Structures are given as C-alpha cells and as structure tokens.
Amino acid sequence: MSHNFVRWWVLIHSLLYSSSSAHNDFFTSIGQMTDLLFTEKDLVTSLKDYIRAEESKLEQVKKWAERLDVLSVTATEDPEGFLGHPVNAFKLMKRLNTEWGELENLVLTDMSDGFISNLTIQRQHFPNDDDQVGAAKALMRLQDTYKLDTNIISTGELPGTSSEGSFRSSLTVDDCYELGKIAYSEADYYHTELWMAQALKQLDRDESTTVDAVTILDYLSYSIYQQGELERALEYTKRLLALDPAHQRANGNLKYFEYQLAKQKKAEETEAKEGTGREKREAETTKGRPADYLPERKKYEQLCRGEGIKMNSRRQSRLFCRYFNNNRHPKYVIGPVKEEDEWDRPRIVRYHDIVSDEEMEKVKELAKPRLRRATISNPVTGVLETAHYRISKSAWLAAYEHPVVDRINQRIEDITGLDMTTAEELQVANYGVGGQYEPHFDFGRKDEPDAFKELGTGNRIATWLLYMSDVPSGGATVFTDVGAAVWPKKGTAVFWYNLYPSGEGDYRTRHAACPVLVGNKWVSNKWIHERGQEFRRRCDLDEMA
C-alpha cells in the first residue's frame, strides 16, 4: 500500500515539475487564467475519485484482515482440533492457495491510473516556471506601485476588496518565502528582504510550514548586507547561529561582518576628525528598490494611486458634460450620446453608455480564444516583440467577422467624424496579474521612420479606448506628461487625438495603463490613421495648434 502511494506521489511530482511545451504566458491574461480554474476543478474531482477507490480497496483489505484475525485466534488455540474438522482443513487449503493470491492482486492493484492519465493530459496546459515568476513579480509591482505593506498583501486585505469577500486569500510562510526566493534570483535584494521578513514574522507566529527559520534568516541577512546595512545583517546572522551554531556560511559571514563593521567604525572616526566622508558612505548604501530604466516612474506610480493629478479648480470649472450629436448627425439628433470632458490640454473626452453589455460580451467571446501575448514595436528594429512592461494579451477583430464588430466601428466613425476605412482592426486586450502597459506613445515618432510604413495609412491620428469591465482597484489610464488620470468604467470610451492638426505628434499624450490591483480589466481600442481624414480633420499650418 505504501509502495503504491510513493509511486503515485513520485509520478505527480515529476509531472508537476516537468516543463510544458504548450506554455502560453498564462499570467498575462486573467480572462484565459479562468480556464485553469476549471482544469483544476476537474483534477480535484479526479483526485477524489482516486481517493474513494483507494478507500474502497482498503476497506476490503480491512474486512479480510479482521475476519482472519478472529479465525486465526480461534484456530491457534487448538490447531489439531481445528483442522480435525474437514471443512476447516479444506478452507485453509483454499485460503492459502487461492484467496491470499486474490488479496495480493487486490493490494497490488494501482488505483491511481485514471487520475495519473487525466493529470498527464491536463499537464500539457499547465503554467510553467515563467508564469509563476511573472505572477510573483506582479505582486511586487503592485506592492511598489500602490505602496502596499507585505502584511496587507499576505492577509489579502487589498484595497477594493470587502472585509467579508469570499475571494480573499492569504499567503502562507511558504508563499512569502517563495516570493523572497524569486526576488533573490533576480538580485532584487530589496524585495528579498521584505518577503523573507514577512515569512519570518509569520513563522514566529507558529504558522505551519515546510521551511525552517534558519533558511529564511540566511536569505534575510544576506539581502540586508547587499543593501549596505552591516549592523542589521550581523544581528540576523547571530540569530541564525543561535538556532544552528554549526552553520558554516553563517559563521563565515559573522567574521566577515564583524571585520567590515570594525573597519567602517575606524573609517568613521577618521572622517569625524577630518569632517569628510559622510556623503560617500550614504552613496554606498543601496537600500531601496532596484535602479529603474523608467525616468518617470515616480510620477507614473503617483498618478496610478490618484496622487499628483495636475488639475486646478479654475481649469476644472471649464470641463463639462453634454449631450453630443456630432453636428446633428442623423443617428444622434433624437438620441444624442453623453459626452464628458476628462481633460482640457490635450483634450480627452469620455462617452458614456456607448456600447451595451451584450455587445461587450460578444466582443470578449470572439476575442478570448485568440488572445495572444501583447507585443510592442521595437523602436530600433521595428520588429514586434513581447516586453516585461506590457502585461496583457490581445486579439484583433475585423469588421467582417461579426455584425457587432462592424456596428462598433461604425459607431466610432459616427461619433468622432473620422473615417474608419484606414483604421486598424479593433484590438481587444485583457490584462493579467498586475497587468499594465508602462508609459508610451500611440503615434510613431520621428526617430521611428518605419513606424506603420507597411500599412501605408500614415500615422495614428487618434485613439479610441473602450472600457469593457469595471475594475475595483487600480487599472487607471494615466497621462504622465500632463498629470491626468482616467479611471475604467464599463461601457464608456475615451477619445483623444495623438497628432496636432499639422500632423506633428502631441507628446502630451504619453500615457500608460496602471497595474490592475483587484479585478479583471478588459478593453478594446481603435487606432485611427491619417489617411482618409484630409477633409474630416483639416490640416493646420501651425505645428502645435
């Protein structure tokens, strides 16, 4: 029995940790990740079937053992008298010759075949290490962007979730430890410290775990040392050695840290006499988040949190809501659309109740099977490629594919007054865990001479962005250059021009999709091009008009 269990567990272990050829960047789309829940549900059902089969087998073996236990006690009290009865003698021969063999076959029957077969098939569609790392990095990105304490994330008490929420989930010591290990593998000692400290905190509360305090303290002391805090690193090393005095690496680190501290104190004494060196020591401390490639990171994250929005009361008073019929367009004279000014410079407007729930669901239904990892155009090579700063999946829908798509395209043309003939197909995007798209321009810049060249339709003159879901927390569209933030609202669309009437790019339209903290964000967008707009939005000789 134990042999079968070990064999079953080894099979599961090898399956779970084998690489999958069908990897599909699951973490980049919540919509596609929902399929994994149903896969897991099917596996749980299969596992329970296996458990019931094993229990049934054990019950049969147990009954056999109990029956023979009673019989053997009676028989061994007077063996000759017992076997003197011819029926008992026959049944002993039968049991040993036939029934014990049947019992052996029952015990050796592998009840796990059905479950293992199902798991093997489903395993082809499992996430892999890249997905786990991607989801871990997403948690850290959310932690930084929204200034969340590790304990807030660990308890699942995220902004946008109710205290009685049935979906709230907490992190175990092992989960926190795994997040710290992933940060460590990326040489991100800032997040290594945060998550190892959280793991240790929960371990100190006597949470059950498979990881020990010594291992956590080893990572924690080293990550703190790497950030230039020798005294704290020494403190945690001593705590480690109190638990495991023979720990070879910790003993080596103890001597090294003490030597470095003595050296540092001596240097400080010399500098104190000379009045120099403080600035240099501060520069050597690397405490904090890793160096960033994005110069506007701070502004971007502030706007995502709803901070630093640059709209004074005077400008705010000039923003209005109105019923809009686009110069008495026949479709909207009687039933105009609701238009709201979101921003003045550049002008960003929102249209309310612009699509129905049924239309949005149909668009999602059409797009979901075709969702693929969203790409960006490499500014140097012009080649489409995935990027760590764009975490979503997208699909393109042509007007001829379904009347709903054609209807939405026509509606965009009727409301904006722009020709959709040269516009790109409707792009549908679903964001993943902590899904985002960092600051970027929609239009091609002058340093990208081949941008959209293959289309032959000119630059992207305007963007139409339709929100197809509400987002409980996070997921704003922010314009970093002007300090604007637009929040998702299901069934509404925002519209802005990327180019001035002169055809020059409007650099104020640099924007980003903030990480989704809680919820599932679906959007669709229409990039409208210059060709065909010559008489719909006339050119102006003033470059920045």
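Scroll up to find the structure this text is about.
If you're wondering where the values come from, they're calculated on a predicted model, not measured in any experiment.

Caption draft 1: The sheet that holds strand E12 (residues 477–479), seen in detail. Spatial strand order, E9-E15-E12-E13: four strands in an open sheet with antiparallel pairing. At either end of the open sheet lies a strand with only one pairing partner, and these are strand E9 (437–440) and strand E13 (484–486). Strand-to-strand, the axes of this sheet are offset by a mean angle of 15°, without reference to chain direction. Of the strand pairs in this sheet, E9 and strand E15 (residues 511–513) are connected by two bridges, and their pairing is antiparallel. Note that in E15 the partner of His440 across the bridge is His511. Those strands touched by helix H14 (residues 297–304) are E9, E12, E13 and E15, and its axis lies near 135° from that of E12.

Caption draft 2: Quick look at the packing of helix H9 (residues 189–204) against helix H10 (residues 213–226). Two elements in contact, H9 and H10, have axes whose closest approach is 9 Å; the angle formed by their N-to-C orientations is 150°. Judged by the inter-axis angle, H9 sits roughly antiparallel to H10. Where H9 crosses over H10, the handedness of that crossing is left-handed. Of H10, the residues touching H9 (which contributes Tyr189, Thr192, Glu193, Met196, Ala197, Ala199, Leu200 and Leu203) are Ala213, Ile216, Leu217, Tyr219, Leu220, Tyr222, Ser223, Ile224 and Gln226.

Caption draft 3: Representation of the nonpolar core in the model. Ile216 and Val478 are the most contacted members of the largest nonpolar core, which totals 47 residues. Elements with a minimum of two residues in this core: helix H6 (129–145), helix H8 (173–185), H9, H10, helix H11 (230–243), helix H12 (248–274), H14 and strand E16 (516–518). The residues contacting Ile216, other than those within four sequence positions of it, are Val173, Tyr177, Met196, Ala199, Leu200, Leu203 and Val211. Among the nonpolar cores identified, the runner-up in size contains 34 residues, and Val349, Val363, Val404 and Ile412 belong to it.

Caption draft 4: Representation of the pattern of salt bridges. Taken as a whole and assessed by the stated rule, the structure comprises 36 salt bridges. A salt bridge links Arg407 to Glu359; its shortest N-O distance comes to 3.1 Å. Of this pair, Arg407 sits in helix H17 (residues 403–416) while Glu359 sits in helix H16 (residues 357–367), and the two are 48 residues apart along the sequence. Its relative accessible area of 38% is what places Arg407 among the partly exposed residues. Each of Arg322, Glu339, Asp341 and Arg347 takes part in one network of salt bridges that share partners.

Caption draft 5: Region of interest: the environment of Lys255. Structurally, Lys255 can be placed in helix H12. Using a relative accessible area of 63% as the deciding quantity, one classes Lys255 as exposed. Measuring from C-alpha to C-alpha, the distance between Lys255 and Leu234 comes to 9.3 Å, with 21 residues separating the pair along the chain.

Caption draft 6: Summary view of the state of the cysteines. Counted by the stated rule, this structure contains one disulfide. Here Cys304 is linked by a disulfide to Cys514, with a sulfur-sulfur distance of 2.0 Å. Given an S-S torsion of about -90°, the disulfide between Cys304 and Cys514 has left-handed geometry. Here Cys304 is found in helix H14, whereas its partner Cys514 is found in the loop between E15 and E16, with 210 residues between them in sequence. Exposure remark for Cys514: the relative accessible area of 0% places this residue in the buried category.

Parameters and conventions
Residues numbered from 1 in each chain as written. Predicted model: local features only at pLDDT ≥ 70, side-chain atom pairs only at ≥ 80, totals over all residues. Heavy atoms only, no water. Pairing = 2+ DSSP bridges. Helix = DSSP H or I, 4+ residues; strand = E, 2+ residues; numbered from the N terminus. Axes fitted to C-alpha atoms, helices over the stretch in contact; angles between N-to-C directions. Contact = heavy atoms within 4.5 Å. Parallel < 35°, antiparallel > 145°, perpendicular 65-115°, else oblique. Left-handed = near helix turned anticlockwise from the far one by under 90°. Core = buried A, V, L, I, M, F, W, Y, C linked by side-chain atoms within 4.5 Å. Buried < 20%, exposed > 50% of the residue type's maximum accessible area, 1.4 Å probe, protein only. Salt bridge = Lys/Arg side-chain N within 4 Å of Asp/Glu carboxyl O. Disulfide = S-S within 2.5 Å.

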